[in-house]
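# An overview of the molecular structure
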Amino acid sequence: MQQIKGVLIPIGGNEDKGIEEDEMYTLDFIDEGILFHVVKEAGGIDAKIVVIPTASSIPVEVGENYIDAFHKLGCTNVTVLDIRSKEDSEKEDSIELIQTANCIMFSGGDQSKIADKIGGTTIHKILADRYRNEAGFVIAGTSAGAMAMANEMIAGGSASESFIKGAVRMHKGLSLIPELIIDTHFIRRGRFGRQSEAVAKFPNLIGIGLAEDTGMIIKNGNDCTVIGSGMVIVFDGATLTHNNEKVLKEGTPMTMANMTIHVLSNGDRFDVKNRKVSVLPIEAPFI
């Protein structure tokens, strides 16, 4: 299997953009925040960053927010690529931006818009090819932008009705890391149940639940390191001894026995291929 050379950074949403009123629960934006890590992985403040707010219903405002946030970190080469249709994903100037960027940043919103307007297009093919073959090429995404990185993508579903078959809706994502199913805003919006059902549907895949202002730096398509101020919940369905998802009717409560759950935080690591956790030593500094 080919070694993946690029870097993925899925983020759980609401990452610090340097404008928080209450800094009590956030990391130092300039030295430790998630966007600082995005810039660092992309090669530093001279990196060419392209923000894609396709998922958002207010793309202009979202694009401006990211330009401001990256400028605060010292970046000057930041462009917004506002793709609103499949046709936009085939335009020459759009393609050139994707070909020359060091970092692509997908905003939050509705992940299905990313899958529908970018999936299967020339831009999608270039993104996937560069991610596989170019060291230092970064694809970051927050909320919807993180969820769209999967192949089996959570498209929606009720948190309040979770643990009942049919509570989660799935859609085909960009398939950048097909081993994972990614959910976001995970703690605040109580999405434990819908991720459980997603993993019950695809027990060979690993569920990742990202809290807000929390992300992972994923290298080699395998080595995950937690960054940010919150937690990452990992769902491993390989250990399930009972999973009745296939035989139940929609609306029926589900049974899952012996699902393995890990709760990880800043500096902890997860090996996707071997499904192994490495916890940050207690005396080590946070990332």
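These figures come from a predicted structure and were not determined experimentally. (Residues numbered from 1 in each chain as written. Predicted model: local features only at pLDDT ≥ 70, side-chain atom pairs only at ≥ 80, totals over all residues. Heavy atoms only, no water.)

### Quick look at the pairing of strand β2 (residues 49–52)
Filter applied, for reference: Burial status follows relative accessibility: with a 1.4 Å probe on protein chains alone, a residue under 20% of its type maximum counts as buried, one over 50% as exposed, and anything between as partly exposed. Put simply, DSSP marks the helices as runs of H or I at least four residues long and the strands as runs of E at least two long, and each gets a number from the N terminus on. Between any two strands, pairing holds if DSSP finds at least two bridges. Throughout, right-handed denotes a crossover for which the path from the first strand over the helix to the second runs clockwise when the strands point away from the viewer.
Alternating residues of β2 divide into Ile49 and Val51 and Val50 and Ile52, and every residue in both groups is buried. Here three bridges tie β2 to strand β3 (residues 78–80), and the two strands are oriented parallel to one another. By the bridge assignment, Val51 is partnered in β3 with Val80. The handedness of the β2 to β3 crossover, carried by helix α2 (residues 59–72), is right-handed. Looking at chain direction, β2 and strand β4 (residues 103–106) are connected through four bridges and run parallel. Counterpart to Ile49 in the pairing with β4 is Cys103.

### A word on the packing of helix α1 (residues 34–41) against α2
The packing of two helices is summarised by the inter-axis angle and the distance between the axes. Here is the rule: Simply put, an axis is a line fit to the C-alpha atoms, just over the touching stretch for a helix, and the angle between two N-to-C directions goes from 0 to 180 degrees. By the definition adopted for this analysis, an angle is roughly parallel if under 35 degrees, roughly antiparallel if over 145, roughly perpendicular if from 65 to 115, and oblique otherwise. Contact definition: two residues touch when any of their heavy atoms are within 4.5 Å. Classes in brief: Ala, Val, Leu, Ile, Met, Phe, Trp, Tyr, Cys and Pro nonpolar; Asp, Glu, Lys and Arg charged; the others, Gly included, polar.
It is at 10 Å that the axes of α1 and α2 come closest, and there the two elements cross at 75 degrees. Classed by the angle they form, the pair α1 and α2 counts as roughly perpendicular. Seen from α1, the contacting residues are Leu35, Val38 and Val39; seen from α2, they are Tyr66, Ala69 and Phe70. Of the residues belonging to the contact of α1 with α2, the class tally is six nonpolar, no polar and no charged.

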